[in-house]
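Now for the letters of each chain:
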Amino acid sequence: VQLQASGGGLVQAGGSLRLSCAASESTLSRYGMGWFRQAPGKEREFVAAINWSGGSTYYADAVKGRFTISRDNAKNTYLQMNSLKPEDTAAYYCAAVARRSGTDYYSVHEYNYWGQGTEVTVSS
């Protein structure tokens, strides 16, 4: 599956952005979806994930209560980001993990497919 992330941009602290991830094929019931981010000089880190059915979501502590991951019934996954902070500045990547039991959605190593990054810059 090919993934295309979009929706990044420049926003002031306290603002909002909505990232989108478009897949080349239907992902519902087949793939769990995740968002990761990578700031310059830092390792890629987990942000949020949603399981293959959409019934479970997972968040990093740093974004819990501010970000919301969702998916539609077809090919799209979203990351609504509210109350943005300068420390949220990074390249954001969407990723897909094939459906199976025991998936660790928090781990970058679990994901089989990655999109290109979309840049998010939060100014203070």
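Below is a summary of the structure that appears in this document. All values reported here derive from a predicted model rather than from experimental measurement.

What counts and what doesn't
- Residues numbered from 1 in each chain as written.
- Predicted model: local features only at pLDDT ≥ 70, side-chain atom pairs only at ≥ 80, totals over all residues.
- Heavy atoms only, no water.
- Helix = DSSP H or I, 4+ residues; strand = E, 2+ residues; numbered from the N terminus.
- Buried < 20%, exposed > 50% of the residue type's maximum accessible area, 1.4 Å probe, protein only.
- Contact = heavy atoms within 4.5 Å.
- Core = buried A, V, L, I, M, F, W, Y, C linked by side-chain atoms within 4.5 Å.
- Polar contact = N/O pair within 3.5 Å; in protein donor to acceptor, adjacent residues only side chain to side chain.
- Phe/Tyr/Trp six-rings, centres within 6.5 Å; stacked < 30°, edge-to-face > 60°.
- Lys NZ or Arg CZ within 6 Å of the ring centre and 35° of its normal.

This part takes up the environment of G9. Of note, G9 is situated in strand β2 (residues 9-12). A relative accessible area of 24% means that G9 is categorised as partly exposed. G9 sits 88 residues away from V97 along the chain, and the two C-alpha atoms are 26 Å apart. Residues contacting G9, with those up to four places away along its chain left out, are L17, E119, V120 and T121.

It is worth spelling out the nonpolar core at this point. Counting residues in each nonpolar core, the largest one holds 35 residues, and the members touching the most others are L3, W35, V47, F67, L79, M81 and Y92. Only β1 (3-6), β3 (17-23), β4 (31-38), β5 (45-50), β7 (67-71), β8 (76-81), β9 (90-98) and β11 (118-123) provide two or more residues apiece to this core. By residue number, the principal contributor to this core is β9, which donates six residues. Apart from the residues within four sequence positions on either side, M81 is in contact with G15, S16, L17, L19, R66, F67, Y92 and V120.

Tracing the backbone through its elements, the reader meets R66 in the loop between β6 (57-59) and β7. A polar contact of 2.9 Å, which involves the side chain of R66, links it to the backbone oxygen of S83. With near-sequence residues (within four places) excluded, R66 lies in contact with Q80, M81, N82, S83, L84, K85 and D88.

What follows covers the packing of aromatic side chains. Tallied over the entire structure, the rule returns eight aromatic pairs. Geometrically, the ring pair formed by Y31 and Y113 is edge-to-face, given 5.8 Å between the ring centres and 85° between the ring planes. With a gap of 82 residues between them, Y31 in strand β4 and Y113 in strand β10 (residues 113-114) connect regions that are remote in the sequence. Both rings, one in F46 and one in Y106, keep their centres 4.7 Å apart while their planes meet at 55°; by these two values the pair is tilted. Here F46, found in strand β5, pairs with Y106, found in the loop between β9 and β10; they are 60 residues apart in sequence, far enough to count as distant. Residue classification places F46 among the buried positions, given a relative accessible area of 10%. An aromatic cluster of three or more residues is present, and its members are F36, F46, Y58, Y105, Y106, Y111 and W114. Across the ring face of Y78, the terminal group of R18 is positioned such that the distance to the ring centre comes to 3.9 Å. One cation-aromatic arrangement involves R44 over W114; the distance from NZ or CZ to the ring centre is 4.9 Å.

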